[in-house]
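# An overview of the molecular structure
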Amino acid sequence: MQIDVVTIFPEYLAPLRAALLGKAIDKGLISVGVHDLRDWTQDVHKAVDDSPYGGGPGMVMKPDIWGQALDDVCTDSTRLIVPTPAGRPFTQALAHEYASESHLVFACGRYEGIDQRVVDDAARRVRVDEVSIGDYVLVGGEVAVLAIVEAVARLLPGVLGNPKSHAEDSFQDGLLEGPSYTRPEVWRELAVPDVLRSGNHKLINRWRRDQSLVRTFERRPDLLESLPAEAFDKHDRAL
Ligand SMILES: COc1cccc(Cn2ccc3ccc(-c4cc(N)[nH]n4)cc32)c1
């Protein structure tokens, strides 16, 4: 998979080459290009922003600079991802979709965002997603790109040490993951639940499913509502 990121703060994307992703890059599973948007400016000030039409606070990123950058970076097979607070939610399902793509390009906005015509024009040639990583406002798209790239890269075969790791992912069965424990058996007078030390894997699996259902009901009831009735067995319904 080829990943390209266009940003005015290329150094912000340095963590992409660390740890897990660094190994994936070394193994040739992913190749990453980080591009400085200002490389496409022509003026001495390398201006990338201007005042918003209609007035309002802050500045908006200029369409012409972004247009030239995306013309150079995108190809016919590109999936262009534009992080924005106004985007569709980035979910585990979308992460799986992106993991099957050959070329992802991320457009990192700053200021009050990118002139809408950049997305509208790009959508004439490539698939474009405006995505949000949560209902809070960041200062720019770079942090969102780091989160999205990590969520996608870990799904690529060979990236995670244990390929089974994401089979048990939170959201994999539409539920939140329950609590995890490791040694010691008692820590600060807090004991590991007995069932986990019972060796009875039927009971352990049942306990873990119950913990997931209860945690999801308490913290994310919206996830339960979006699951089909057949996702729940008769034991689940008895909870
Ligand atoms: C576009 O509308 C905006 C309104 C007020 C501030 C900003 C700041 N900003 C600039 C580019 C940018 C890219 C992504 C995000 C972002 C994504 C999520 N989930 N939260 N915040 C925020 C961004 C943008």
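Report follows, based on the coordinates. None of the values given here were measured: they were computed from a predicted structure.

Cut-offs used in this document
Residues numbered from 1 in each chain as written. Predicted model: local features only at pLDDT ≥ 70, side-chain atom pairs only at ≥ 80, totals over all residues. Heavy atoms only, no water. Axes fitted to C-alpha atoms, helices over the stretch in contact; angles between N-to-C directions. Helix = DSSP H or I, 4+ residues; strand = E, 2+ residues; numbered from the N terminus. Parallel < 35°, antiparallel > 145°, perpendicular 65-115°, else oblique. Contact = heavy atoms within 4.5 Å. Nonpolar A, V, L, I, M, F, W, Y, C, P; charged D, E, K, R; others polar. Near = heavy atom within 4 Å. Polar contact = N/O pair within 3.5 Å; in protein donor to acceptor, adjacent residues only side chain to side chain. Areas by Shrake-Rupley, 256 points an atom, 1.4 Å probe, with all protein chains shown as cover. Pairing = 2+ DSSP bridges.

Turning our attention to the packing of helix α3 (residues 92-99) against helix α5 (residues 142-153). Between α3 and α5, whose axes approach to 8 Å, the crossing angle comes to 70°. Accordingly, the angle class assigned to the pair α3 and α5 is roughly perpendicular. Contacts between α3 and α5 involve A95, Y98 and A99 on the former and, on the latter, I148, A151 and V152. Here the contact of α3 with α5 is composed, by residue class, of six nonpolar, no polar and no charged.

This next bit is on the site of the ligand. Residues in close proximity to the ligand total 17 residues, the closest being S132, I133, G134, Y136 and L138. A distance of 3.2 Å separates a nitrogen atom of the ligand from a polar atom in the side chain of S132. Measuring from a nitrogen atom of the ligand, one finds a backbone N or O atom of Y136 at 2.6 Å. Considering the ligand on its own, with 520 Å² of exposed area, one finds that the protein chains cover 85% of that surface. Sort the elements by how many residues they give to the shell around the ligand and strand β5 (residues 78-89) lands first, with three residues.

Ordered in space as β2-β1-β6-β5-β7, the five strands form an open sheet in which the pairing is parallel. Among the strands making up the open sheet, the edge pair consists of β2 (31-36) and β7 (127-132). When strand polarity is set aside, the average angle formed by the axes of neighbouring strands in this sheet is 25°. Together, β5, β6 (103-107) and β7 form the strand contacts of α3, whose direction differs from that of β5 by roughly 165°. Contacting β1 (2-7), β5, β6 and β7, α5 runs over the sheet at an angle of about 160° to β6.

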